[in-house]
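Inside the fold
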Amino acid sequence: MVCHPELVHQVLMDSRTFDKGGPLYDRLRPLLGDGVGTCRHQAHRRQRRLLQPEFRAARVADHTALMAEEVEAVCREWRTGRQVDVSATMLALTTRVISRVLFSDSLDATTAAEIRSCLATIVRGLFVRTVVPVDALFRVPTPANRRYRRAVDRVHAIVDTAIAERRRGAPSGDRTDVLGTLLTAMADDGGAITAQEVHDQLITLLFAGAESTALCLASALDLLARHPDEEVLLHSEVDAVLAEGQLAGPDELPRLVRTRLVLTETLRHRPPGWLFTRVTTRETALAGHHLPAGATVLYSPYLLQHDPASFPDPDRFLPDRWLPGQAVGVPHGAMIPFAAGSRKCIGDAFAMREATMALAFVARNWRLRHLPGHVERLRPAATLGPRSLVMVCEPRGRRPLGTPHRVDSLEPRAAAAPRVHDSRTAGGDGVDGA
């Protein structure tokens, strides 16, 4: 178990020696296949190059309108005093967004809802399959095992159907989505990219793009309700930047500095991807300790990001620790929920844009409150975060004219926003370093 940020950074920067492997990935590969998030080192560069154009800054910016549509759609049914399953709503949002990015309009509403249900079942069952090394236990036809297997099989079947329908229908180039990009590449490369690889990439991106961002958003809303002073600061910012009912666009996103501080601190406080494994491909040494080939190496973003040596008062939710003057004091490699090096998550900028737009819209229009008697119950699974968070909606009207903006002190620093996309400080994907 690697517990020091410099040593973890050393592991992550040397993916040839410390390859994707160990119990986590041995269990993930039957689910996700051999896609960009789970493949071995020798296959990774080609796979990442294939997908990288879909996640460059300009392409991510192209998805802003799509994200805005889905944020508004999932909150459309909220009403004053209504209890909202925040966990389910955020998963609905992120599944809808990533489904459209991957498949355009190939999945109808019923199928997308089925994917959300299947993902929830899979995540619940995945962690125990990671930590319990006895495969025979999971072949016993218990109700939980049957539910898990049905969910896995159904997600794979949905993706296969979408691929088959696209190949029978309009040319891939007619749709600007990841499926079209992959099918075009498969045709252009004369079979170098196989149908199975197309399938595996879509499964990987679907899983990683839905679960982790949803947990980050649910955690942020939960933490804000527990910290009213931070909630007030966020409300001041969104009131100043957005009109009531307005969604953040390209002009507004750079001004949502406090929103990004809240999300970055959420990713530190509750990283969705909290525990990962690597396996050594050769004999090596780490901090003076000899490791044979085939040794399993574990590291935990949660552990690093709650180390008081790196983060004073680590259990406190303090978004101001990511202000430019404060963030420079964070040790190199101490903040890594997006991993680092060549396996750093390919979707970091995408996830942060989606989360920023969603959190700002919710905060501008609604205040969410815990139910009376609510007790926090966070149980680690394959990912970490609230899975059954129910809150009550309270509307937020327009800010009265003349009300001071408590966000003013941040505005001169807006150009030096927190280092969200730096490999040392970026946060949040469940399958680390895709």
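Here, every reference points to the structure presented above.
What you see is a predicted model; the values in this text were computed from it and never measured.

Along the backbone of the protein there are 15 helices and eight strands. Expressed as a percentage of its 434 residues, the buried residues of the protein come to 56%. Here the contacts in the protein between residues at least 6 apart in sequence split such that 77% fall between residues at least 24 apart. Total accessible area on the protein stands at roughly 18200 Å², and carbon and sulfur atoms take up 53% of it.

Quick look at the layout of surface pockets now. The volume enclosed by the largest pocket comes to roughly 760 Å³. Forming the walls of the largest pocket are 29 residues, and the residues nearest its centre are Ser87, Gly385, Pro386, Arg387 and Ser388. Going through the elements one at a time, helix H6 (86-103), helix H7 (109-131) and helix H10 (195-226) are the ones with two or more residues in the lining of the largest pocket. Of the residues that constitute the lining of the largest pocket, the class distribution is 13 nonpolar, five polar and eleven charged.

Let us look at the nonpolar core. Formed by 122 residues in total, the largest nonpolar core has its most connected members in Trp78, Val86, Val198, Leu202 and Leu359. The element best represented in this core is H10, accounting for 16 residues. Once you skip the residues sitting within four places of it in the chain, Leu202 turns out to touch Leu102, Phe103, Val159, Ile163, Val178, Leu179 and Leu182.

Sheet architecture is open: three strands sit in the order S1-S3-S6, paired in antiparallel fashion. Each edge of the sheet is formed by a strand with only one pairing partner; in this case those strands are strand S1 (18-20) and strand S6 (296-299). The sheet shows a mean angle of 45° between the axes of neighbouring strands, taken without regard to direction. Where S1 meets strand S3 (residues 276-280), three bridges bridge the pair, whose relative direction is antiparallel. Looking across to S3, one finds that Lys20 is bridged to Arg278.

Below, the discussion takes up the packing of H10 against helix H11 (residues 228-241). Relative orientation and spacing of two packed helices are given, respectively, by the angle between their axes and the distance between those axes. Between H10 and H11, the shortest axis-to-axis distance is 5 Å and the interhelical angle comes to 115°. In terms of axis orientation, H10 runs roughly perpendicular to H11. Taking contact as the criterion, the partners of Leu224, Ala225 and Arg226 in H10 are, on H11, Pro228, Glu230, Glu231 and Leu234.

All right, on to a positive patch on the surface then. Together, Arg124, Arg146, Arg147 and Arg150 make up a positively charged patch on the protein surface. The element that contributes the greatest number of residues to the positive patch is helix H8 (residues 143-168), accounting for three residues. Among the structural elements, Arg146 can be located in helix H8. For Arg146, a relative accessible area of 40% gives the class partly exposed.

Moving on: the pattern of salt bridges. Counting across every chain of the model gives 23 salt bridges. With its nearest N and O atoms 3.0 Å apart, the salt bridge here joins Glu69 to Arg100. Residue Glu69 is found in helix H5 (residues 64-74), and its partner Arg100 is found in helix H6; the two are separated by 31 residues along the sequence. Residue Glu69 is classed as partly exposed on the basis of its relative accessible area, which comes to 44%. We note a salt bridge from Asp313 to Arg316, for which the minimum N-O separation is 3.7 Å.

This part covers unusual backbone geometry. For Ala287, which is not a glycine, the phi torsion comes out positive at approximately 55°. Among the secondary structure elements, Ala287 is positioned in the loop between strand S4 (284-286) and strand S5 (289-291). For Ala287, a relative accessible area of 52% translates into the label exposed. In the Ramachandran plot, Asp313 falls in the positive-phi region, its phi being about 50° despite a non-glycine side chain. Positionally, Asp313 belongs in the loop between helix H13 (301-305) and helix H14 (324-327).

Quick look at the sheet that holds strand S8 (residues 390-395) now. Spatially, the three strands line up as an open sheet ordered S2-S8-S7, and their pairing is antiparallel. What marks the edges here is a single partner per strand, and that holds for strand S2 (83-85) and strand S7 (366-370). Between one strand and the next, the sheet's axes are offset by a mean angle of 45°, whatever the strand orientation. Sheet strands touched by H6: S2, S7 and S8. Its angle to S2, the strand with the most contacts, is close to 50°. Sheet strands touched by H10: S7 and S8. Its angle to S7, the strand with the most contacts, is close to 80°.

Turning next to H5. Burial within H5 is extensive, with eight of its eleven residues counted as buried. Listing the buried residues of H5 in full gives Thr64, Leu66, Met67, Ala68, Glu70, Val71, Ala73 and Val74.

Mapped onto the secondary structure, His156 falls in helix H8. Classification of His156 as buried rests on a relative accessible area of 16%. In terms of polar contacts, His156 uses its side chain to reach the backbone carbonyl oxygen of Leu31, at 2.7 Å. Setting aside anything within four residues of it in sequence, one finds His156 in contact with Pro30, Leu31, His199 and Ile203.

Before going further, it helps to examine H10. With 32 residues, H10 should reach 46 Å at 1.5 Å per residue; the first-to-last C-alpha distance of 47 Å fits that figure. Taken across its 32 residues, H10 has 29 buried, putting it largely inside the fold.

Okay, the packing of aromatic side chains next. Scanning the entire structure with this criterion turns up four aromatic pairs. Ring geometry for Phe311 against Trp322: centres 6.0 Å apart, planes inclined by 50°, an arrangement best described as tilted. Here Trp322 lies in the loop between H13 and H14 and Phe311 lies in the loop between H13 and H14, a separation of eleven residues in the sequence. When the ring centre of Phe311 is taken as origin, the NZ or CZ atom of Arg268, which lies over that ring, is 5.4 Å away.

Criteria and thresholds
- Residues numbered from 1 in each chain as written.
- Predicted model: local features only at pLDDT ≥ 70, side-chain atom pairs only at ≥ 80, totals over all residues.
- Heavy atoms only, no water.
- Helix = DSSP H or I, 4+ residues; strand = E, 2+ residues; numbered from the N terminus.
- Buried < 20%, exposed > 50% of the residue type's maximum accessible area, 1.4 Å probe, protein only.
- Contact = heavy atoms within 4.5 Å.
- Areas by Shrake-Rupley, 256 points an atom, 1.4 Å probe, with all protein chains shown as cover.
- 1 Å grid on protein atoms, 1.4 Å probe; cavity = no way out; pocket = protein on both sides within 12 Å on 5 of 7 lines; lining within 4 Å.
- Points joined across faces, edges and corners; volume = space filled by probe spheres on them.
- Nonpolar A, V, L, I, M, F, W, Y, C, P; charged D, E, K, R; others polar.
- Core = buried A, V, L, I, M, F, W, Y, C linked by side-chain atoms within 4.5 Å.
- Pairing = 2+ DSSP bridges.
- Axes fitted to C-alpha atoms, helices over the stretch in contact; angles between N-to-C directions.
- Parallel < 35°, antiparallel > 145°, perpendicular 65-115°, else oblique.
- Patch = residues over 30% accessible without salt bridge, like charges linked within 9 Å, V, L, I, M, F, W, Y side chains within 5 Å.
- Salt bridge = Lys/Arg side-chain N within 4 Å of Asp/Glu carboxyl O.
- Lys, Arg positive; Asp, Glu negative; His and termini not counted.
- Charge placed at Lys NZ, Arg CZ, Asp CG, Glu CD.
- Polar contact = N/O pair within 3.5 Å; in protein donor to acceptor, adjacent residues only side chain to side chain.
- Expected span 1.5 Å × (residues − 1).
- Phe/Tyr/Trp six-rings, centres within 6.5 Å; stacked < 30°, edge-to-face > 60°.
- Lys NZ or Arg CZ within 6 Å of the ring centre and 35° of its normal.

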